[in-house]
Protein chains: 2
Amino acid sequence: MNDVSPGSPDRVRIGLLGCGHVGAALASLVAERRAEVARRQGLDLEVTRIAVRNTAIDRDVPVDDGAFTTDAASVVADPDVDVVVEVMGGIEPARELVMAALSAGKPVVTANKELLANHGAELYALAADNGVDLLFEAAVAGAIPIMRPLRESLAGEPIERVMGIVNGTTNFILSRMSDDGASYADALSEAQSLGYAERDPTADVEGYDAGAKAAIMATVAFGARVVAGDVYHEGISGISVADIEFAADLKHCIKLLAVAEQTVADDGQSQVGVRVHPTLVPLDHPLASVNGSFNAVFIEGGAAGDLMLYGRGAGGRPTASAVLGDLIDAAANLRRGSAPGIGVLERARIAPIDDVTSAYYLNLEVDDRPGVLAAVATVFGEHGVSIRSMEQEGLGGEARLVFITHGARERDLRATLTDLRSLDAVRAVGSVLRVIGD
Amino acid sequence: MNDVSPGSPDRVRIGLLGCGHVGAALASLVAERRAEVARRQGLDLEVTRIAVRNTAIDRDVPVDDGAFTTDAASVVADPDVDVVVEVMGGIEPARELVMAALSAGKPVVTANKELLANHGAELYALAADNGVDLLFEAAVAGAIPIMRPLRESLAGEPIERVMGIVNGTTNFILSRMSDDGASYADALSEAQSLGYAERDPTADVEGYDAGAKAAIMATVAFGARVVAGDVYHEGISGISVADIEFAADLKHCIKLLAVAEQTVADDGQSQVGVRVHPTLVPLDHPLASVNGSFNAVFIEGGAAGDLMLYGRGAGGRPTASAVLGDLIDAAANLRRGSAPGIGVLERARIAPIDDVTSAYYLNLEVDDRPGVLAAVATVFGEHGVSIRSMEQEGLGGEARLVFITHGARERDLRATLTDLRSLDAVRAVGSVLRVIGD
């Protein structure tokens, strides 16, 4: 039987937890699209209950005033709520509310990356146990369809690596530094004044936000449980305009990337590496042209080849669009009495950062005298780190050497750095950054 | 209940219709990914029957010789075939075979754009009547997830326009003309010698292949039936290196775009415009950097904003990857006894090309004497066509005027051209091309 019956559409009553930018945009979008969704999917969507912290605030949403409550648990428990949308953020009470909804057999759509990156596996298992959906397209990269393509379109694909520009704040800051030569501090201030960055920007600039998204992407891409605590982080606060200029000379730009990759460990078992760090991206790589507040996820597949999914990573309406797509899917599955589910996931074996292989950019200040390059090159060679390119720039009595290596293990690169620092001719080891596109 | 049972995986026997590049790649990919798909989706996929035109050809696929037959109908009818994959191409006998499979309650996965662009609606309806899937991710833009995002992720999105670079042959030719100054004829010859273009390149260079994909994308994006015959076509065979150079001076490149858009007709009803034509794309638009044999689909959404999905548009393994994703979805839905389906679609109201609004690039050769620009500008003004930019280049006794207009109706632009041609001072009207990004 066709799931969409030609008769009157099935009513779907939505309980909304949280009514900030995303929640309010969702309530509006549901009302705006109601007739079209009824025509096309045979579902009559309506937001009937909304849990907020303060009911006294006048919210410009097309929902009856009587729908609002401060008692979120009552929204979840309400027999007149069919599907729960969680857009309140944070771990508690979101976690308890989502668990209560799933346990009651109500599908949940969430945009909460922090919750999923820390407690995703137990929630997916609970959803599976109860035969309902837990969908979360909006939790990573806003409006960009990324979770559904990873889960479904690429369900059979041997995915090798997923790399995302998934934090708009840092991408805005790096774009300003690159395009206009703004300092990190100035670009951060501008991002704060525009409302793109929080007053305490740590979660963005140190890569924790991107790290949570990396954990979620790794879990879905590789079908094994990865949590936020598994992610290795380096932020962008140490990046200088000089680094960006050196990178530009080498035809690269610098992006904060969230990387999840599946590799084979020394014992032959597969392992998952998950990390966030500023990265030199070749200017002709599709990720290089993802600027400002846009996000993109680049997928390297063994059969599909390279894919990139690009769009708005944040904002009320873009995020609400992703929630609405999930909501329609969850409601249709509820009508069918069936949910694809992620099921119960084994814990991923996490690759220690020491084992991770990457190309590197290094910037050394050295004495400008004969024999120095040979001494430096010897140190690289002793640790098996192969040099892909070198540029030398005279600076009076000293010189700057800029290297890009071929792929090297983190541990070998670190040992190389230790030995380089102990060379008399090396005055300073400047920035050390990873490079993609080797 | 969770759909993935922890016990032994469910066996799914695949009947393959066609074993060219895509079919052979699929048979290999299914074998390669069998264990992982069993682990993650609880499905044990196996290609058990393959219909080919010639069983004497030795095919390097990991399937028993006894699986091959020239009797395609027997593969569809075989009770030991659970899911049918159609990668033979062309309309007949593919259409009859797909109909037979759906009527027998067997899900079908197809990569056949021609079939869907001409008979999609009747096939979607038949699939819906029989409660099984007809999935076709591979029919448009190879490995790029585009059908599933349009159908599901963007199910609630007010999609305004979908624009795709969906034909690798023409994109290769235009990239060669642009990057290396090759003539159209030379670039086409090169594409033919590399196997990117057919000996008779009409379907690619005149936009019929892209047009079929435009019809499929329009149908899915706007939930209404659009067929290949609805698509307005202009090909690339008239594009010269000079056009590409003029475009470059204006900071644009030229791409063959498949465009599907929803607009409001004069009577207030919505209508769908579908067309394929060479287009000036601003160099800072994400589609401008889609080169060579890559494909991309750019979506303009009213809530999601701009999205782009990018990747390999052709090739055996990339296309097989998309088929495999659909196959897993279809098999999982078969196990659940439920298929989301597209349902029965109403016929779209197609916007006549005369009604379509676009910005235009025009290249005029005129006498180089006072008053000519005023005369030309008067003609534009009389038809309500507003000029966005103009560049003049002296050529001795004559001059070249290059205009980009603001959005204008096709009928007004054509009337403008007619009047321009009748001006004494206008010696020739050169290329007239549409422009995006206004």
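Cut-off values and rules
Residues numbered from 1 in each chain as written. Chains lettered and ligands numbered in written order. Predicted model: local features only at pLDDT ≥ 70, side-chain atom pairs only at ≥ 80, totals over all residues. Helix = DSSP H or I, 4+ residues; strand = E, 2+ residues; numbered from the N terminus. Rg over C-alpha atoms; globule rule 2.2 N^0.38 Å. Contact = placed C-beta atoms within 7 Å. Axes fitted to C-alpha atoms, helices over the stretch in contact; angles between N-to-C directions. Parallel < 35°, antiparallel > 145°, perpendicular 65-115°, else oblique. Left-handed = near helix turned anticlockwise from the far one by under 90°. Nonpolar A, V, L, I, M, F, W, Y, C, P; charged D, E, K, R; others polar. Core = buried A, V, L, I, M, F, W, Y, C linked by C-beta atoms within 7 Å. Buried ≥ 20, exposed ≤ 12 C-beta atoms within 10 Å, placed from the backbone. Least-squares fit on C-alpha atoms with pLDDT ≥ 70 in both. Expected span 1.5 Å × (residues − 1). Bend = angle between axes of the 7 residues up to and from the residue. Domains from an automatic or database assignment. Pairing = 2+ DSSP bridges. Right-handed = clockwise from strand over helix to strand, strands pointing away.

### With respect to the overall build of chain A
Check the secondary structure of chain A and you find 13 helices and 17 strands. Against the 2.2 N^0.38 benchmark of 22 Å for 438 residues, chain A shows a C-alpha radius of gyration of 24 Å, consistent with a compact globule. Expressed as lengths along the three principal axes of its C-alpha atoms, the size of chain A is roughly 85 × 50 × 35 Å. For chain A, restricting intrachain contacts to residue pairs at least 6 apart in sequence, the fraction spanning at least 24 positions comes to 75%.

### Re the packing of helix H1 (residues 21-41) of chain B against helix H11 (residues 316-336) of chain B
All names here are of chain B. As a packed pair, H1 and H11 sit with axes 9 Å apart at the nearest point and diverge in direction by 45°. On the basis of the axis angle, H1 is oblique to H11. Handedness of the crossing formed by H1 with H11: right-handed. Contacts from His 21, Val 22, Ala 24, Ala 25, Leu 26, Leu 29, Val 30, Arg 33, Val 37 and Gln 41 of H1 reach H11 at Gly 316, Arg 317, Thr 319, Ala 320, Ser 321, Val 323, Leu 324, Ile 328 and Ala 332. Along the lines of polarity and charge, the residues of the contact of H1 with H11 split into 12 nonpolar, five polar and two charged.

### Focus: the environment of B:Ser338
Counting through the fold element by element, B:Ser338 comes out in the loop between H11 and strand S13 (357-367). Between the C-alpha atoms of B:Ser338 and B:Val132, which are 206 residues apart in sequence, the distance is 6.9 Å.

### Here we look at the nonpolar core
With 319 residues, the main nonpolar core has A:Leu26, A:Val323, B:Leu26 and B:Val323 as its most contacted residues. In this view, B:Leu26 contacts B:Leu16, B:Val85, B:Val87, B:Ala320, B:Val323 and B:Leu324; residues no more than four positions away in its chain are not counted.

### Observations concerning the relation of the copies chain A and chain B
In this arrangement, two copies of a chain are superimposed by a rotation about an axis accompanied by a shift along the axis. With an RMSD of 0.0 Å, chain A superimposes on chain B once it is rotated by 180° and translated 0.0 Å along the axis. Here the two chains are linked by the operation of a two-fold rotation axis. Within chain A, A:Leu309 has its C-alpha nearest the rotation axis, a separation of 2.3 Å. By residue overlap, the copies meet face to face through one surface: 100% of the interface positions of chain A are interface positions in chain B.

### Remarks on helix H1 (residues 21-41) of chain A
Residue and element names in this part refer to chain A. Over its 21 residues, H1 runs only 26 Å from end to end, short of the ideal 30 Å by more than 12%, given 1.5 Å per residue. The axis of H1 is deflected most strongly, by about 55°, at Arg 34. Those residues of H1 that sit buried are Val 22, Gly 23, Ala 24, Ala 25, Leu 26, Ala 27, Leu 29, Val 30, Arg 33, Val 37, Arg 40 and Gln 41. Lining the buried residues of H1 we find strand S1 (10-17), strand S2 (43-51), strand S4 (83-86) and helix H11 (316-336). Note on H1: the residue one or two positions beyond its end, Gly 42, has a positive phi of about 65°.

### Thoughts on the domain arrangement of chain A
Along its sequence, chain A is organised into domain 1 (10-142 + 317-336), domain 2 (155-312) and domain 3 (355-435). Between the C-alpha centres of domain 1 of chain A and domain 3 of chain A the distance comes to 52 Å.

### So, the pairing of strand S4 (residues 83-86) of chain B
In regular strands, side chains alternate between the two faces of the sheet. Residue and element names in this part refer to chain B. Side chains of S4 alternate between two faces, with Val 83 and Val 85 and Val 84 and Glu 86 buried alike. Alignment of strand S1 (residues 10-17) against S4, held across four bridges, turns out to be parallel. Following the sheet pairing, Gly 15 is matched in S4 by Val 84. Relative to strand S5 (residues 108-110), S4 is paired through three bridges, and the arrangement is parallel. Bridge pairing in S5 links Glu 86 to Thr 110. Taken together, S4, helix H3 (residues 94-103) and S5 form a β-α-β motif whose crossover is right-handed.

### Here we look at unusual backbone geometry
Most peptide bonds are trans, and most residues other than glycine sit at a negative phi. Cis geometry is found at the peptide bond from A:Glu92 to A:Pro93, where omega equals 5°. One can find A:Pro93 in the loop between S4 and helix H3 (94-103). A positive phi is found at B:Ala141, a non-glycine position, where the angle reads about 60°. Its location among the elements puts B:Ala141 in the loop between strand S6 (134-135) and helix H5 (147-153). Phi at B:Lys251 takes a positive value of approximately 60°, unusual for a residue other than glycine. On the secondary structure map, B:Lys251 appears in the loop between helix H10 (241-249) and strand S9 (252-264). Residue B:Lys251 is classed as exposed on the basis of its 11 C-beta neighbours within 10 Å.

### Some thoughts on the interface of chain A and chain B
With 54 residues of chain A at the interface, the matching set in chain B holds 54 residues. Contributing elements (two or more residues each) for the side of chain A that touches chain B: H1, helix H4 (113-129), helix H5 (147-153), strand S12 (305-312) and H11 of chain A. Of the residues assigned to the side of chain A that touches chain B, the class counts are 26 nonpolar, 15 polar and 13 charged. As judged from the five bridges shared by S12(A) and strand S12 (residues 305-312) of chain B, these two strands associate in the antiparallel manner. Within the sheet, the bridge partner assigned to A:Leu309 lies in S12(B) and is B:Leu309.

### Re the sheet that holds strand S5 (residues 108-110) of chain A
Residues and elements named next belong to chain A. The strand order across the open sheet formed by six strands is S3-S2-S1-S4-S5-S6, and the pairing between neighbours is parallel. The open sheet is flanked by strand S3 (68-69) and strand S6 (134-135), the only strands paired with a single partner. The sheet contacts of H1 involve S1, S2 and S4, and relative to S2 the element is tilted by about 160°.

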